[in-house]
Amino acid sequence: MERLNKYLARAGVGSRRQADLLIEGGKVKVNGVRVTEMGIRINPEEDRVEVDGQPVDSPGEYEYLILHKPPGYLTTMRDPFQRPTVIDLLPKTETRLYPVGRLDLDTSGLLFFTNDGDLALALTHPRHLVEKVYRAKVSGIPATSDLEKLARGILLEDGPTAPAKIALDKVEKGNAIIVVTLREGRKRQVKRMLGAIGHPVLTLHREAMGPLTLGTLKPGAYRRPTEFELNELMKLKEEIKKPNRK
Ligand code: URA
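Quantities reported herein were computed from a predicted structural model and do not represent experimental measurements.

(A) Layout of helix α4 (residues 144-152). Those residues of α4 not exposed but buried are Asp 146, Leu 147 and Leu 150. Angularly, the buried residues of α4 cover 100° about the axis, an arc narrow enough to put them on a single face. Exposed residues pointing more than 90 degrees away from the buried face of α4 are listed as Thr 144 and Arg 152. A positive backbone phi angle near 120° is found at Gly 153, which sits one or two residues after α4.

(B) Quick look at the nonpolar core. With 28 residues, the main nonpolar core has Phe 113, Ile 166, Ile 178, Val 180, Val 190 and Leu 194 as its most contacted residues. When residues of this core are traced back to their parent elements, those giving at least two are β7 (64-69), β9 (108-114), β10 (132-138), α4, β14 (175-182), α5 (189-196) and β15 (201-209). By residue number, the principal contributor to this core is β14, which donates four residues. Val 190 has contacts with Tyr 134, Ala 136, Val 180, Leu 182, Val 201 and Leu 204, leaving out every residue within four places of it along the chain. If you look at the next biggest cluster of nonpolar residues, it comprises 19 residues, including Leu 110, Leu 129, Met 209 and Met 234.

(C) Here's a closer look at unusual backbone geometry. Located in the positive-phi region is Asp 52, a residue other than glycine, with phi close to 50°. Of note, Asp 52 is situated in the loop between β5 (49-51) and β6 (54-55). Exposure remark for Asp 52: the relative accessible area of 53% places this residue in the exposed category. Despite not being glycine, Gln 82 shows a phi value in the positive range, around 60°. By the secondary structure assignment, Gln 82 is in the loop between β7 and β8 (98-100).

(D) Fine view of the packing of aromatic side chains. Per the stated rule, a full pass over the model turns up two aromatic pairs. Residues Tyr 62 and Tyr 64 carry aromatic rings whose centres are separated by 6.4 Å and whose planes lie at 55° to one another, so their mutual orientation is tilted. Residue classification places Tyr 64 among the buried positions, given a relative accessible area of 10%. On the numbers, 6.3 Å between centres and 5° between planes, the contact of Tyr 64 with Phe 112 is stacked. Taken together, the residues span a long stretch of sequence, with Tyr 64 in strand β7 and Phe 112 in strand β9 at a distance of 48 residues. Taken individually, Tyr 64 and Phe 112 each receive the classification buried, so the pair is uniform in this respect. Through pairs of rings, three or more aromatic residues link up here, namely Tyr 62, Tyr 64 and Phe 112.

(E) Structural detail: the site of the ligand. Taken together, Leu 103, Asp 104, Thr 107, Tyr 134, Arg 188, Gln 189, Val 190, Lys 191 and Leu 204 make up the full set of residues near the ligand. Arg 188 is positioned such that a nitrogen or oxygen atom in its backbone is 3.3 Å from an oxygen atom of the ligand. Gln 189 is positioned with one of its backbone polar atoms (N or O) 3.4 Å from an oxygen atom of the ligand. Considering the ligand on its own, with 240 Å² of exposed area, one finds that the protein chains cover 96% of that surface. When each cavity is represented as a set of grid points, the ligand is found to reside in the second largest pocket. Examining the composition of the shell around the ligand, we find that three residues originate from one element, α5, more than from any other. Grouping the amino acids of the shell around the ligand by side-chain chemistry returns four nonpolar, two polar and three charged.

(F) Region of the structure containing the pattern of salt bridges. All told, the structure shown has 19 salt bridges when counted by the stated rule. Between Arg 16 and Glu 227 there is a salt bridge, and its shortest N-O distance comes to 3.3 Å. Of this pair, Arg 16 sits in helix α2 (residues 16-24) while Glu 227 sits in helix α6 (residues 227-241), and the two are 211 residues apart along the sequence. A single network of salt bridges, built from pairs that share partners, joins Asp 158, Glu 184, Arg 186 and Arg 192.

(G) Looking closely at the sheet that holds strand β3 (residues 33-34). The four strands lie next to each other as β3-β2-β5-β6, forming an open sheet whose pairing is antiparallel. Only two strands of the sheet have a single neighbouring strand rather than two, namely β3 and β6. Sheet topology note: the strand β2 (residues 28-30)/β3 ladder contains two bridges and is antiparallel. Note on β3: the bridge partner recorded for Val 30 is Val 33.

About the cut-offs
Residues numbered from 1 in each chain as written. Predicted model: local features only at pLDDT ≥ 70, side-chain atom pairs only at ≥ 80, totals over all residues. Heavy atoms only, no water. Buried < 20%, exposed > 50% of the residue type's maximum accessible area, 1.4 Å probe, protein only. Helix = DSSP H or I, 4+ residues; strand = E, 2+ residues; numbered from the N terminus. Arc of directions from axis to C-beta. Core = buried A, V, L, I, M, F, W, Y, C linked by side-chain atoms within 4.5 Å. Contact = heavy atoms within 4.5 Å. Phe/Tyr/Trp six-rings, centres within 6.5 Å; stacked < 30°, edge-to-face > 60°. Near = heavy atom within 4 Å. Polar contact = N/O pair within 3.5 Å; in protein donor to acceptor, adjacent residues only side chain to side chain. Areas by Shrake-Rupley, 256 points an atom, 1.4 Å probe, with all protein chains shown as cover. 1 Å grid on protein atoms, 1.4 Å probe; cavity = no way out; pocket = protein on both sides within 12 Å on 5 of 7 lines; lining within 4 Å. Sits in = over half its atoms within 2 Å of the grid points. Nonpolar A, V, L, I, M, F, W, Y, C, P; charged D, E, K, R; others polar. Salt bridge = Lys/Arg side-chain N within 4 Å of Asp/Glu carboxyl O. Pairing = 2+ DSSP bridges.

Right, dumping it as structure tokens:
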């Protein structure tokens, strides 16, 4: 048995507090019966829950994991040469999880896994709703004018890049740390952009993707999204379903 508000939060309907408000507002039905009583418990295996007349997806259906990928791990399910892959770092779940986007072998940072196809689509959709934040250590110190060029967009061999946020964070022993925020996700994009202005990337790390951040997660460790993060992810999933969004 599980408290209804917790079940609703796990199902991505909102935070527990928001779930309480829905219950209080008479919007939740269990097995066809409206419940407004706080603290009610349900059997997640058997009870049918609806919000505003819509059945709630069973929270057990989807898995979500955030991994801090260390350098040296391939973002692939299996490698014919038996090299380490990110799957080696994940728990053995019953459902197969897929990485949402990729990080190069030598790139570290946030990699998100799920078996929720709609969410994976929302996070990688060409409408580019989601910002990815990278921290790149580059060789030398780029001129401000070159960083501004990158921010406006430059021509790469597979076409022009969309506007991006580019900031010089600091200089360490003659090399610069540049924070690059992209909505696109082309192959080796950050390395190619910085390489194009003559400052090859020495190390690259992804700090954030949409509402997800690494926080204090150590390299090689994983965690499940918080209730707040899950809620934000579900909003993105809904957003992508709306027609005529600019
Ligand atoms: N851009 C890159 O160049 N490499 C990555 O791994 C991710 C973004």
